[in-house]
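If you want the building blocks of each chain, they are given just below.
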Amino acid sequence: MTAQKSPLLMLTVVSGPDAGRSLSFRKARVAIGRDAANDFMLTDGFVSNRHAEFVVEGDQVVFQDLKSRHGSLVIRNGVSTKLQNRESVSRLAVKDGAEFQIGSSILKLELPEGIKAPSAIQAQTLREPSFVVKDGPPNSNEQFITAAHEPIHALTRRFDSHDKRFELLFKLSEQLNSLTRLEDILDMIVDATFDAFPGANFFGMTLLQADGGEIPPPFLTRVRANLNTDSEPVLSSSIVRRVVESKESVLWVRDNLGSQVSQSILDAKITACLCAPLVGQRKLLGVMQVDTRGRGTLFSKQDLDLFTILASNAAFAVERAELTNHIVKMFESFVDASVTAIEARDQTTAGHSHRVSEYTMELARTVHAKKDGPFADIEFSPEQFTELRYGTLLHDFGKIAVPEDVLQKPTRLRDVEMEAIRHRLSTVRAQSERALWQALAEGMADGRMQPEPSSLDDVRGRSEEVATELKDIWTFLQDLNTKGFVPDEDLERLGSIGARSYVNEDGETRPLLTAHEIENLSIRKGTLNETEWVQIKNHAVQSQRILERIPWSDDLAMVPYLGGAHHEKLDGSGYPLGLKGESLNIQCRMLTIADIFDALTAADRPYRKAASVDRAIHILRLEAKDGKLDSDLVELFASEVVPKITNMIPLQYEGDPTLR
């Protein structure tokens, strides 16, 4: 009887739809795939028709991925190597005991003693990490492979440099460095994790609370489209708690013997899981987990190293995002405190900066939403909206450098200056009355006048005439001091009053009104003289200078410009630089419109009444007609923005029909 020859190789399906199937082959080439023509047919829907093959070449066995759709994962001595190339066949020398993930199935290769293991050059070598197998919670038969948290450079020294996922790590680190928004960071981490572990179908992350305590629900969960679930996926509390308490990365795989596992793992339907701590510079930030649910994909020890590196990168990026968010919150507080400090100097303009910001932002959102007309091609990025918000809130920052007596000047002359005039008029009246009585006394003394009642009545009458005239002058000056607009006849009368003189207590002849008083009372409109107007107008220059001292990021570089240019006009008639036309971008044009509108409709000022909304819009349109404001923006503001901001506009003055 002829002795039966030993098989060259044996294949066993460890897990997957065909689990338990085992065949032996005594041939130099064994084809694997979903097609019935293959030597080893699999029913797994994720396996290609001609997926892979084993080839015996002399004293070694080579596994070849035949350009399959999903590729193959070769697991040798705990080292996972991904083979996937749609352009050419991928080859890898393997040895007895190697496992292969093909689709969602795990196959194991067994070789008889007659086949030698690949040489050291053919087989990839790896210094084994110091993994530890630990028991799970009490009263369970769970076992975890754990790895202590280590610096990234220590992990990368152990990592197989030929693994294509090594390139993914460097790419991820580079991309994460350019991100600051937590949402963007998490999206990139999820994508990178699924790219690194194509067999996984669930990702979860838990961020711990600052005060510790109970582990919160998952902050983020993501699933692949091929994970069928009718309920919200959950994380295994036993695995997460173990990682939080030990700060060690964990690899858990359900064994073939069906050993007991915790209820949370059963509820999550986890087959294999990688879970790693997010270790920050000073604290544990949270935990991230990737696993397979409802199918038999496995993870290796090297996968645990890779996932730990991913978690380290994620922790650094998350911590930086938290720091950035903290800085943003601090800056927001600084901006709010700055605006409050500026407006506290002048209660009559309280709320102006916030209202102007809201009006401008609403106009910008309206422009952004337009799909036709003059603004069809204009869109603003989130960064531009943020930049515009800061610029509008801080546009009057330079007012902090304007003297308070100028900033809060409600009348042409201040109370103390008007009191000086009143005192001067009282002196003139007293001197005039004294002179009349002195003249009567002197006339009676030298016999020129008789002490008759008519003489006394004459003195009293002339004295009353002087008092009436001076009182009339005082009333006129008081009215002039608060008048909205000074006509020519008032200026003429002021000139005649200013030409008068009187003798002070020291016997010196002085003008009834000083040059300063005449200058201020002669102001046609408003309350500020030329010097004071220069100081007020200078607030725009000061805004830009002060804001330029802040190290703005590139996304916020235009904030100082908005502070310096919000009083400029398209025709060059604005201040402080007389910029015109294209020198004023659309953000600045919007801010200018909002600033003028609020200045007109704000609550009553001591020197003028608030304009109604209709009156304010009329003035804006006149300015646009004269080429000072952007007419398209003015019309958009009037028709679509004003109806949305009505509840923000201060109470309107209703008493003066000229303002309606």
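Up top is the structure these notes are about.
This one's a predicted model, so the numbers in the text were calculated from it and none came from an experiment.

## Digging into the overall build of the chain
Phase 1: When you go through the chain residue by residue, the secondary structure sums to 18 helices and 20 strands.
Phase 2: Across the 660 residues of the chain, 47% fall into the buried class.
Phase 3: Once local pairs closer than 6 in sequence are excluded, the contacts in the chain between residues at least 24 apart make up 62%.
Phase 4: Counting every atom, the chain has about 33,400 Å² of accessible surface; 51% of that belongs to carbon and sulfur.

## Here's the deal with the packing of aromatic side chains
Phase 1: Going through the model one piece at a time under the given rule, you end up with eleven aromatic pairs.
Phase 2: Between Phe-331 and Tyr-390 the ring centres are 5.0 Å apart and the planes differ by 85°, which places this aromatic pair in the edge-to-face class. Placement of the pair is Phe-331 in helix α6 (residues 301-344) and Tyr-390 in helix α8 (residues 382-393), with a sequence separation of 59 residues.
Phase 3: Classification of Tyr-390 as buried rests on a relative accessible area of 4%.

## Looking at unusual backbone geometry
Phase 1: The peptide bond linking Tyr-575 to Pro-576 adopts the cis configuration, its omega dihedral lying at 15°.
Phase 2: The phi torsion at Lys-67 lies on the positive side, around 60°, for a residue other than glycine.
Phase 3: Looking at the secondary structure, you find Lys-67 in the loop between β6 (60-65) and β7 (72-76).

## Some words on the pattern of salt bridges
Phase 1: Counting across every chain of the model gives 30 salt bridges.
Phase 2: Between Lys-370 and Glu-640 there is a salt bridge, with its nearest N and O atoms 2.6 Å apart. Of this pair, Lys-370 sits in the loop between α7 (352-369) and α8 while Glu-640 sits in helix α18 (residues 631-645), placing them 270 residues apart in sequence.
Phase 3: Classification of Lys-370 as partly exposed rests on a relative accessible area of 21%.
Phase 4: Assessed through its relative accessible area of 30%, Glu-640 is described here as partly exposed.
Phase 5: The partner of Lys-399 in a salt bridge is Asp-396, and the shortest N-O contact between them spans 3.4 Å.
Phase 6: Residues participating in the shared-partner salt-bridge network are Asp-405, Lys-409, Arg-414, Glu-417 and Glu-532.

## Quick look at the nonpolar core
Phase 1: By size, the foremost hydrophobic cluster in this structure holds 41 residues, and its most contacted members are Val-367, Met-590, Phe-597, Leu-620 and Phe-637.
Phase 2: Those elements that place two or more of their residues in this core are α7, α8, α15 (559-565), α16 (586-601), α17 (613-625) and α18.
Phase 3: The element that contributes the greatest number of residues to this core is α16, accounting for nine residues.
Phase 4: Residues in contact with Phe-637, not counting those within four places in the same chain, are Tyr-359, Leu-363, Ile-593, Phe-597, Leu-620, Val-642 and Ile-645.
Phase 5: Membership of the second largest hydrophobic core comes to 37 residues, among which are Ile-189, Phe-197, Phe-307 and Ile-309.

## Focus on the sheet that holds strand β10 (residues 99-102)
Across a sheet, strands are paired by hydrogen bonds formed along the backbone, either parallel or antiparallel in direction.
Phase 1: Ordered in space as β2-β1-β11-β10-β7-β8, the six strands form an open sheet in which the pairing is antiparallel. The sheet is open, and its two edges are formed by β2 (22-25) and β8 (79-83), each paired on a single side. Ignoring which end each strand starts from, the neighbouring axes of this sheet average 25° apart.
Phase 2: As paired elements, β7 and β10 share four bridges and run antiparallel to each other. In the sheet register, Leu-73 faces β10, and the bridge partner there is Gln-101.

## Notes on the side chain of Asp-65
Phase 1: Within the fold, Asp-65 resides in strand β6.
Phase 2: Buried charged residue Asp-65 carries no salt bridge. Nearest counter-charge: Arg-86, at 7.3 Å.
Phase 3: Not counting residues within four places of it along the chain, the set of residues in contact with Asp-65 comprises His-51, Ala-52, Gly-71, Ser-72, Leu-83, Val-89 and Ser-90.

## Side note on the packing of helix α10 (residues 415-445) against helix α11 (residues 453-482)
Phase 1: Remark: α10 packs on α11, axes separated minimally by 10 Å, with the N-to-C direction vectors making an angle of 170°. In this view, α10 runs roughly antiparallel relative to α11, as classed from their interaxial angle.
Phase 2: Across the contact of α10 with α11, the residue classes break down as 15 nonpolar, five polar and five charged.

## Focus on the sheet that holds strand β5 (residues 52-57)
Phase 1: With respect to topology, five strands assemble into an open sheet ordered β4-β3-β5-β6-β9, the strand pairing being mixed. A single partner strand is all that each edge strand has here, and the edge strands are β4 (40-41) and β9 (90-94).
Phase 2: The pairing of β5 with β6 spans six bridges and is antiparallel. Note on β6: the bridge partner recorded for Phe-54 is Phe-63.

## A word on a nonpolar patch on the surface
Phase 1: Together, Leu-323, Ile-327 and Met-330 make up a nonpolar patch on the protein surface, roughly 290 Å² of accessible area in all.
Phase 2: The topology assignment puts Ile-327 in helix α6.

## Quick notes on the environment of Lys-569
Phase 1: Secondary-structure assignment places Lys-569 in the loop between α15 and α16.
Phase 2: When sequence neighbours within four positions are dropped, the list of residues in contact with Lys-569 reads Gly-574, Leu-579, Lys-580, Leu-584, Thr-592, Ile-596, Glu-623, Lys-628 and Leu-629.
Phase 3: Separated by 3.0 Å, the side chains of Lys-569 and Glu-623 make a polar contact.

## Brief notes about the pairing of strand β3 (residues 29-33)
Phase 1: In terms of burial, β3 is a largely internal element, four of the five residues being buried.
Phase 2: Both β3 and β5 contribute to a ladder of four bridges, which runs antiparallel. Paired with Ile-32 across the strands is Ala-52, a residue of β5.
Phase 3: By the bridge criterion, two bridges tie β3 to β4 in an arrangement that is parallel. Residue pairing across strands places Gly-33 opposite Met-41, the latter belonging to β4.

Reading the values: the criteria
Residues numbered from 1 in each chain as written. Predicted model: local features only at pLDDT ≥ 70, side-chain atom pairs only at ≥ 80, totals over all residues. Heavy atoms only, no water. Helix = DSSP H or I, 4+ residues; strand = E, 2+ residues; numbered from the N terminus. Buried < 20%, exposed > 50% of the residue type's maximum accessible area, 1.4 Å probe, protein only. Contact = heavy atoms within 4.5 Å. Areas by Shrake-Rupley, 256 points an atom, 1.4 Å probe, with all protein chains shown as cover. Phe/Tyr/Trp six-rings, centres within 6.5 Å; stacked < 30°, edge-to-face > 60°. Salt bridge = Lys/Arg side-chain N within 4 Å of Asp/Glu carboxyl O. Core = buried A, V, L, I, M, F, W, Y, C linked by side-chain atoms within 4.5 Å. Pairing = 2+ DSSP bridges. Axes fitted to C-alpha atoms, helices over the stretch in contact; angles between N-to-C directions. Lys, Arg positive; Asp, Glu negative; His and termini not counted. Parallel < 35°, antiparallel > 145°, perpendicular 65-115°, else oblique. Nonpolar A, V, L, I, M, F, W, Y, C, P; charged D, E, K, R; others polar. Patch = residues over 30% accessible without salt bridge, like charges linked within 9 Å, V, L, I, M, F, W, Y side chains within 5 Å. Polar contact = N/O pair within 3.5 Å; in protein donor to acceptor, adjacent residues only side chain to side chain.

On their own, these measurements won't tell you what the molecule is for.
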